[in-house]
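# Summary of the model geometry
Okay, here's what each chain looks like letter by letter:
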Amino acid sequence: MEHHLIRRRRLSVVSDTAPPQVASDPESLLQALGVRFPAQHSWPVEVRCGPVVLRPVHRRDRSSWHEVRQRNAVWNGPWDATMPSGGRATSTDFVGMVKNFDRQARELRTLAFVICWDEHWPRESTPGRRLPLAGQLTISGITWGSANFAHAGYWVDQALAGRGVMPTALALGTDYCFITLGLHRMEVNIRPENAKSLRVVEKLGLRDEGIRERYLHIDGQWRDHRSFAVCTEDVPDGLLGPFLASDTPRWLSGHLRTGA
Ligand SMILES: CC(C)(COP(=O)(O)OP(=O)(O)OC[C@H]1O[C@@H](n2cnc3c(N)ncnc32)[C@H](O)[C@@H]1OP(=O)(O)O)[C@@H](O)C(=O)NCCC(=O)NCCS
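The rules behind the values
- Residues numbered from 1 in each chain as written.
- Predicted model: local features only at pLDDT ≥ 70, side-chain atom pairs only at ≥ 80, totals over all residues.
- Heavy atoms only, no water.
- Phe/Tyr/Trp six-rings, centres within 6.5 Å; stacked < 30°, edge-to-face > 60°.
- Helix = DSSP H or I, 4+ residues; strand = E, 2+ residues; numbered from the N terminus.
- Buried < 20%, exposed > 50% of the residue type's maximum accessible area, 1.4 Å probe, protein only.
- Lys NZ or Arg CZ within 6 Å of the ring centre and 35° of its normal.

## Considerations on the packing of aromatic side chains
Scanning all chains against the criterion turns up five aromatic pairs. Judged by centre distance (5.5 Å) and plane angle (55 degrees), the rings of Trp43 and Phe113 are tilted. Pair noted here: Trp43 is in the loop between α1 (26-32) and β2 (47-49) and Phe113 is in strand β4 (residues 111-117), with a separation of 70 residues, a long-range link. For Trp43, a relative accessible area of 8% corresponds to the buried category. On the basis of an interplanar angle of 85 degrees and a centroid distance of 6.2 Å, the ring pair of Phe113 and Tyr176 is categorised as edge-to-face. Taken as a pair, Phe113 in strand β4 and Tyr176 in helix α5 (residues 165-181) lie far apart in primary sequence, 63 residues in all. Taken individually, Phe113 and Tyr176 each receive the classification buried, so the pair is uniform in this respect. An aromatic cluster is present here, built from Trp43, Phe113 and Tyr176 joined pairwise through their rings. Above the ring of Tyr215, the side-chain terminus of Arg212 is found at 4.8 Å from the ring centroid.

Right, dumping it as structure tokens:
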């Protein structure tokens, strides 16, 4: 796959907090950016890659949730899941949603991560629980047994768009699912009209598995989707490290020194 063709250049993270050693390969880059995957899954969990943090949604996020969702209503509208008539609706109240996400995470059916942006990184790092939410990565449909797969849905605050936050968050979440959880396959389904989201999976080198007709109810109608997937065999070194080293996201490029 394309992201295995890592350009061998010497990268170092210019930061007060990152280790001073040169990060010339995905592994040392991950180390410099504080990426660590626990050996065992527990919930709540927080994982980070530099300024991009994934953590559970908390009750105290209520006002920032409403603020960011409202501010991004037009941005997210064409891509947001909706409930078909006759569908079984779950609670739409915020506290009910948090409880529901927590229960599903403990039952290992859905991991609903909030995406946070640590604006003071790399000068200092703020724990994810103290950062406001800036998007969402939901790993749902986790299916065990001979399937061992899940699918991912996401959005990011328009104010942060274009920095490579989402490919970073998706790769981080997928590696968590592969390394810590032991899943085998991650799938992302995207409306063919969603050029910005198609770029996210393209950057990560996910395999295009074709069209699923009228696959999901989005923005009030059943919509066709293009299905993309990655399996553990496709990414023996994980998804995140090779992505950071080969297709350096904009949030990171300002902090890298290239040299011989
Ligand atoms: C799709 C989405 C998650 C991408 O997140 P992101 O963190 O901006 O991802 P990237 O930084 O990699 O940008 C992806 C593409 O968005 C476009 N883009 C860049 N800056 C942008 C900006 N300021 N505003 C809008 N789009 C921008 C570019 O085409 C970019 O590709 P490029 O890096 O090759 O130029 C985000 O656009 C979003 O939340 N959209 C609304 C909800 C949505 O579509 N969810 C996905 C449903 S499948």
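From this point on, the discussion continues.
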